[in-house]
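If you want the building blocks of each chain, they are given just below.
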Amino acid sequence: MPLPEYDLAGRTALVTGAGRGIAGGVARVLAEAGCDVAVNALTPTHVEPLAAAISEHSGRRVVALVGDMTEPDGTRDVVGRALSALGHIDVLVCGVGDAIAKPLVPLPGRPSRHSTPVSDEELRLTVSLNLTSALLCARAVGPHMLERRSGSVITIGSFAGKRGGAGTTLYAAGKSGTEGFTRALALEWAPYGVRVNGIAPGMFPDAVTAGDEGYRRLVERAGQSVPLGRAGSLREVGLLAAYLASDAAAYMTGQTLYIDGGMTL
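Residues numbered from 1 in each chain as written. Predicted model: local features only at pLDDT ≥ 70, side-chain atom pairs only at ≥ 80, totals over all residues. Heavy atoms only, no water.

With respect to the helices, strands and loops of the structure, Thr264 is situated in the segment after β7 (256-259). The exposure class assigned to Thr264 is buried, which follows from its relative accessible area of 17%. One polar contact links Thr264 to Asp260, side chain to side chain, over a distance of 2.6 Å. The contact partners of Thr264, leaving out residues within four places of it in the chain, are Phe159, Lys162, Arg163 and Tyr258. (Helix = DSSP H or I, 4+ residues; strand = E, 2+ residues; numbered from the N terminus. Buried < 20%, exposed > 50% of the residue type's maximum accessible area, 1.4 Å probe, protein only. Polar contact = N/O pair within 3.5 Å; in protein donor to acceptor, adjacent residues only side chain to side chain. Contact = heavy atoms within 4.5 Å.)

Turning our attention to helix α6 (residues 169-189). In this model α6 runs 30 Å from its N-terminal to its C-terminal C-alpha over 21 residues, within 8% of the 30 Å that 1.5 Å per residue would give. Every buried residue belonging to α6 is among Leu170, Tyr171, Ala172, Gly174, Lys175, Thr178, Glu179, Phe181, Thr182, Leu185, Ala186 and Trp189, and all of these are buried. Summarising the contacts, the buried residues of α6 are in contact with α4 (120-148), β5 (151-156), α5 (160-163), β6 (194-201) and β7. (Expected span 1.5 Å × (residues − 1).)

What follows concerns the packing of aromatic side chains. Remark: the centre distance and the inter-plane angle together describe each pair of aromatic rings, the angle taken between the planes. Inspection of the entire model under this criterion finds one aromatic pair. Ring geometry for Tyr6 and Tyr243: centres 6.3 Å apart, planes at 35 degrees, overall tilted. Placement of the pair is Tyr6 in the segment before β1 (12-15) and Tyr243 in helix α8 (residues 234-245), with a sequence separation of 237 residues. Classification of Tyr6 by relative accessible area gives partly exposed; the value is 41%. Judged by relative accessible area, Tyr243 falls into the partly exposed class, the value being 22%. Sitting over the ring of Tyr258, Lys162 keeps its end group 5.1 Å from the ring centre. (Phe/Tyr/Trp six-rings, centres within 6.5 Å; stacked < 30°, edge-to-face > 60°. Lys NZ or Arg CZ within 6 Å of the ring centre and 35° of its normal.)

In this structure the tally under the stated criterion is 13 salt bridges. For Arg76, the salt bridge is made with Asp73, and the minimal N-O distance between the two is 2.6 Å. Of the two residues, Arg76 and Asp73 are both situated in helix α3 (residues 72-86); the distance of three residues between them amounts to about one turn of the helix. We classify Asp73 as exposed; its relative accessible area is 57%. Residue Arg216 is joined to Glu220 by a salt bridge in which the shortest nitrogen-to-oxygen separation is 2.5 Å. In this pair, Arg216 and Glu220 both sit in helix α7 (residues 207-225), four residues apart, roughly one turn of the helix. Residues participating in the shared-partner salt-bridge network are Glu213, Arg216, Arg217 and Glu220. (Salt bridge = Lys/Arg side-chain N within 4 Å of Asp/Glu carboxyl O.)

Our focus in this paragraph is the nonpolar core. If you look at the biggest cluster of nonpolar residues, it comprises 32 residues, and the most contacted ones within it are Val15, Leu30, Val37, Val39, Val93, Ile154 and Ile199. Among the secondary structure elements, those contributing two or more residues to this core are β1, α1 (21-32), β2 (36-41), α2 (44-58), β4 (91-94), β5 and α8. Beyond its immediate stretch of four places on either side in the chain, Val93 contacts Leu14, Val15, Thr16, Val26, Leu30, Ile154 and Ile156. By size, the runner-up hydrophobic cluster in this structure holds 27 residues, among which are Leu65, Leu86, Val141 and Val196. (Core = buried A, V, L, I, M, F, W, Y, C linked by side-chain atoms within 4.5 Å.)

On to the environment of Ala166, then. Tracing the sequence through the fold places Ala166 in the loop between α5 and α6. With a relative accessible area of 78%, Ala166 lands in the exposed category. The spacing of Ala166 and Ala101 is 65 residues in sequence and 8.8 Å in space, taken between C-alpha atoms.

Functional significance is not addressed by these values, which are geometric in nature.
This is the structure:
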């Protein structure tokens, strides 16, 4: 017998950064759980075929929205189009993000793939993708959810926000900032019935992003370094997002849930 608390039928979701990778997997599962979904990416290359595939598989309404979620005007435009298409937004998934594997400055006496310091543009872009985009998305959707006194915001962090690592300084800074933002916003919006939680994935390689050979190497590395002995599947993050979006998580806010096979233990 289905558990009614997990049913998302009749709800809507905006998933940003969903052209591929983790956010794309989240969009697929939310649609399967009953949501109509707006999926966003910077370019139409992957997000338009994804929207068509999700709609065909789930039978839900899925719209592709192209726009830059690291810029205020782009964010407001995408949110406005999502509201026009869906009527309202019950779930916001802040899925934009990317990493740069580079030390903050060259490390003396150590071999490195990178012999130049982090540029101003690399710093700006990495922080914009991994922190600023979530702030902008929440700011754009917030008035709508607060007025309706209902909603679920889900940020996508990373195990790097807790564990860190040499060569991931900028990425770790952005993701740990996202976790602090999640806690603070949850307190701001709790009196209005809007919940804010986060998901911090571990190793979830995507063949579209990494390519076949890169994907194979990442899977092998996960088998050696992850306590559970394998990489995660994109669907697993989606299932956790569906829980956080549902009434089953109605008493949870301000939490970041690590789904990393034990990497941060």
